[in-house]
Structures are given as structure tokens and as C-alpha cells.
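Here's the letter readout for the chains.
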Amino acid sequence: MANNIGMEVKIAPSRFRNPLSKYIIRRSPRCTKCGKCVEVCKFGVHQRSGVAFCRAQEHRCIGESCNACIEQCPEKALSLAVNPLTAVLGDYRWTSDLILSTWYQAETGKLPPVGLEYKVGNSGGGFDKLRFKFPKEKFNLKPEEISTCIPLNRKGDNAHQIEIGIPIYGGGMSFGSVSLSTMLGKAKTAKFWNTFTCTGEGGYPEVLNPYDNHVITQVATGLFGVREQTIQRVRIVEFKYAQGAKPGLGGHLLGDKNTPAVAAMREAVPGTSLFSPFPFHSVYSVEDHKKHVDWIKAINPAVLVSVKVSTPTDVDMVAIGSYYADAHIIHLDGSYGGTGAAPDIAKKNIAMPIEYAIPKVHRFLVAEGVRDKVTLMASGGIRTAHDVAKAIALGADGVIIGTAELVALECVRCANCESGRGCVRGIATTDPELSVMFDAEWAAQRISNLLTSWRNQLVEILQHLGMKSITELVGKTDCLYHIDYEEK
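What you see is a predicted model; the values in this text were computed from it and never measured.

Engineer: What is the right way to read helix α7 (residues 286-299) from this model?
Structural biologist: Side chains that are three or four residues apart share a direction in an α-helix, a result of its 3.6 residues per turn. Taking 1.5 Å per residue, 14 residues should reach 20 Å; α7 reaches 20 Å between its end C-alpha atoms and fits that length. Every buried residue of α7 is listed here: Asp288, His289, His292, Val293, Ile296, Lys297 and Ile299. Next to the buried residues of α7 lie β10 (215-219), α5 (228-233), β11 (236-240), β14 (304-309) and α8 (315-324).

Shown next, in the form of C-alpha cells:
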């Protein structure tokens, strides 16, 4: 398959007049408006309209690594400081630098010039401690020679033979948890990138119908919005047995997010809180599991079945059971995923981090002799292109993202996703006023720009490793080292 996929990169600027920035620039009364700062700034931070200066575009400033305007101001009227808001933006996993660099990539499709960390967070473990060990040998591989495609059906049966253009697809976010603009933006992106997005368990809104070939419909314990018609119209159905962010807890949609439109889709009463219990009370064995898979295949014989599970200590046994239940895709969801609606106590203390679960499952499936017959996808804390590559090197075939897509839409990680009017940026809400703060075209362009930047980084990593396909990287843990235990 050709790699000329994805939307054309177009600048998709912030929706807000004054985007948050890492640096702030102060202009003192000594300024004579000579315009020297406008002349020397290569990044368009300083602009003027006639004789007056516009507000500095501080989000474009790269800080002290440039400093041209500060040093060349004849009156020494400018000063630079780190924006104090960055101290309260993000957390150890999603640092303010990662959020700001994701915004930059979503706006431009490119890496930030300098001054923003875009590869790792500051969690003190996991992906943040792993680095790639690149060989000294230089490989003469051109970007167009490198493939990022992966197959999703490795069983060789009569189901759909699907190959996606990048080893990434969008995770389940239900109508109710996020706005229709968010869902539609994700679906448009999936179509352009020849990949997928997932409905979550809240039903299948009609606006997604044109994107059937790139939408996964989800069947979860609440069975909200599950209909034979939607199972028949898609190429992949996902069973959600558990979420890594809250294993054993199930799902919960608070009453103020259950608007009349959401309730109609879920066949529920508006304004009531909706619970999606844990577990499936019809599944207590591999045989029960296979009955579920057979049920879906009886409705749509050509469909691929994905099984989403969390990461308990026996996740390797869960994975092999899913394989023998005839699933095509095993979706491991680690403990760092989930939105602000997932309680921290669950996210931080129950499931296994995805960095441990991936190699555990990969090696077990290899030992059982079935690794090449099932697709292993990983989610739960994938924040950057380097996280994607590391997950694949640990043993996954590809990854599933969620929070990164929301950050591309200018999520600030305030963790109020569970509240009907809690998302002031209009992303994780169905409130009639908040959910129209952006349109799906803008959302699709932002997410696509981010994927463009990520794919370029994946290609660059493969170039350094001398690999022509992302599939060559699967399980190559010898390409990684831990910065605490091994020198590069």
C-alpha cells in the first residue's frame, strides 16, 4: 500500500485569541516602537498594525534559545520569562511541555523548533525512562521506502482483510462522554488516514454513517445503543470487557451529561445517571467468551472482532483465551489511559502499566506459537510518537490513542470530563452551548496534523534503525535501553 495517506497539512490555529504559551514577553515603557523586534524575530512573535504593536504571539516564542528580540532591542525594553501558568498545566505524565508541543504539532503538522519537550514526560518511569539505541551504522533509506502499514486480520480466515496506513487508531469515546464534533472529527481523520476510530459504548450516531468503513462499534456491558444494524454496517466490532483506567469498576455517565439526544441514542431516560457494570455477567470462561464472538459473527460473518481488556497480572492468560475464542485483535488497555472521568485511585493503583503488559503478552503468545495469528494493540498512556515506537518495540503491533487526540483539540487536562458543563473547551461535553465551540473540520485537521508529525517521527526512527517497515520493529526490545540501567 502506498504511504501517501492522510490529509494535506494545513495550518489549524488555536480557537482562542491568546493561546497558552511557555514563555511570556514583557514590554516596558522604554519601548519607542522602533520595530526592531518585528524585524529580527524569525517566528512571527512580534507583529504590528500601523504604528501600534499587536499583542505578542507568545505561543510561537522559543525562549532563550533565540532571544534575538531581547538582545537586539535598542532600548532594552523587552524581557522574557517562563509563563507561571505552565506550573499548573498538566501533570507528571502529561507535562506542560508535552501539552504545548502537541498543540504545536496539531496546529502545524511539524515538530516545535526548540524549547519544548515532545518525546517524553516526567513520570519517572515507563516510557519516560526508555530510549532507542540507534546503531552507529548509517542506513541509506529514503522516507518513501518506509512503510508504516500494519494488517489487522492475521488469522487468514474469511473475514475482512484490513490493512491500516499507520500503526495507530482512535480509541472508544462514546456519544455522551464527548461531543458529536469530537466524534465526527475523529472519524474524518480515520478515513483520510485509512485507519479507524471507535464509537465507545454510547451507540452509533447517524453522522458517522458515511465513515462506516473506518468506524469500530463497541459492545460493552451496558449494551447502550447496541443494534444489529450497526454491527452489520461496520468492519470491526469491539467487545469492551474492561478499561485499564478503571478495571473492575465499569462505566458511569453522570445524569447531567445524559441529555435528551444522548438518552435517545442509549434508549435511556434523560437526566438519569447511567451505569455500565463490570463484568459481563454472561462471560466467566473462554467458552462464554467464544459465544459472544460467535454472536457477533452470526450477525456479520465478515467482521473482525476486537477484544478490549485491562491489564491484570494474568493478562497473558486473558490474551491467549481471547485468541482461542476466535478474536482477531487483542486490545490491551493499560493503567494510564482514561479521561478525567476515571478516578485517580483506580488509574494509579489497579491495573498493570502498559509497558509491562505488552512484553508479557507478546512473549506468552510467541511461546504458545500463535503470535503471528493475532493482532496486538496497546493503549493506556500513549502520548507521543516515541511512545508509539516504544510500545511496538516492546511487542505490540500498533497502538490506540485517546487523550492525545483530545489534547490536539486543545484539552488542558483539567480532569472535569465527568461533568456536563465541566469541559470549558467543548470537547468532553454534550452541553448544547459548549459542544458547538468548534466544528468537525477543524478537529479533523488538528488530529490529522498531529498524525502527520507522528508518522514523520516514526519514519525517522525506522530510518535510524535501518528498517523498511514498522512491522520489523515488533518485539525488538534490543532496540531499547533504560536510562537508569544502561549507557547508550
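Engineer: How should the nonpolar core be read in this particular structure?
Structural biologist: Note on soluble globular proteins: their nonpolar side chains tend to be buried together. Formed by 119 residues in total, the largest nonpolar core has its most connected members in Phe132, Leu152, Tyr169, Trp454 and Leu473. For this core, the element with the most residues is helix α13 (residues 440-465), which contributes 12 residues. The residues contacting Leu473, other than those within four sequence positions of it, are Phe132, Ala389, Ile392, Ala393, Leu462, Leu465, Met467 and Cys479. Among the nonpolar cores identified, the runner-up in size contains 13 residues, and Tyr23, Val40, Cys61 and Ile70 belong to it.

Engineer: Please clarify how the sheet that holds β14 should be interpreted in this entry.
Structural biologist: Each strand in a sheet pairs with another by means of backbone hydrogen bonds, the pair being arranged parallel or else antiparallel. The strand order across the open sheet formed by 8 strands is β8-β17-β16-β15-β14-β11-β10-β9, and the pairing between neighbours is parallel. One side of each edge strand has no neighbouring strand; the edge strands of this open sheet are β8 (168-170) and β9 (197-198). Sheet topology places β14 next to strand β15 (residues 329-333); 4 bridges connect them, and they run parallel. Within β15, the residue paired with Val309 across the bridge is Leu332. Contacts between α7 and the sheet are confined to β10, β11 and β14, with β11 contributing the most and set at about 150° to the helix.

Engineer: It is not clear to me how the pairing of β10 should be interpreted in this structure. Could you clarify?
Structural biologist: Regular strands have side chains that alternate between both faces of the sheet. Of all 5 residues making up β10, 5 are buried, and the element is well covered by its neighbours. Here β10 shows a buried face lined by Val215, Thr217 and Val219 and a second buried face lined by Ile216 and Gln218. Judged from the 2 bridges that link them, β9 and β10 form a sheet pairing that is parallel. Among the inter-strand pairings, Thr197 is bridged to a residue of β10, identified as Val215. Pairing geometry for β10 and β11, over 4 bridges, is parallel. If you follow Thr217 over to β11, its bridge partner there is Val237. One crossover worth recording links β10 to the parallel β11 by way of α5, and it is right-handed.

Engineer: For this particular structure, what's the right way to read the packing of aromatic side chains?
Structural biologist: The geometry of an aromatic ring pair is captured by two quantities: the separation of the ring centres and the angle between the planes. Following the criterion strictly, the structure yields 8 aromatic pairs and no others. Judged by centre distance (5.8 Å) and plane angle (15°), the ring pair of Phe132 and Phe134 falls under stacked. Ring pairing ties together the aromatic residues Phe239, Tyr241, Phe280 and Trp295, which thus form one cluster. Geometry around Phe53 places Arg48 over its ring, the cationic atom sitting 5.0 Å from the centre. A cation over an aromatic ring shows up here: Arg93 above the ring of Tyr336, its NZ or CZ 3.8 Å from the ring centre.

Rules behind the numbers
Residues numbered from 1 in each chain as written. Predicted model: local features only at pLDDT ≥ 70, side-chain atom pairs only at ≥ 80, totals over all residues. Heavy atoms only, no water. Helix = DSSP H or I, 4+ residues; strand = E, 2+ residues; numbered from the N terminus. Expected span 1.5 Å × (residues − 1). Buried < 20%, exposed > 50% of the residue type's maximum accessible area, 1.4 Å probe, protein only. Contact = heavy atoms within 4.5 Å. Core = buried A, V, L, I, M, F, W, Y, C linked by side-chain atoms within 4.5 Å. Pairing = 2+ DSSP bridges. Axes fitted to C-alpha atoms, helices over the stretch in contact; angles between N-to-C directions. Right-handed = clockwise from strand over helix to strand, strands pointing away. Phe/Tyr/Trp six-rings, centres within 6.5 Å; stacked < 30°, edge-to-face > 60°. Lys NZ or Arg CZ within 6 Å of the ring centre and 35° of its normal.

Keep in mind these numbers describe shape, not what the thing actually does.
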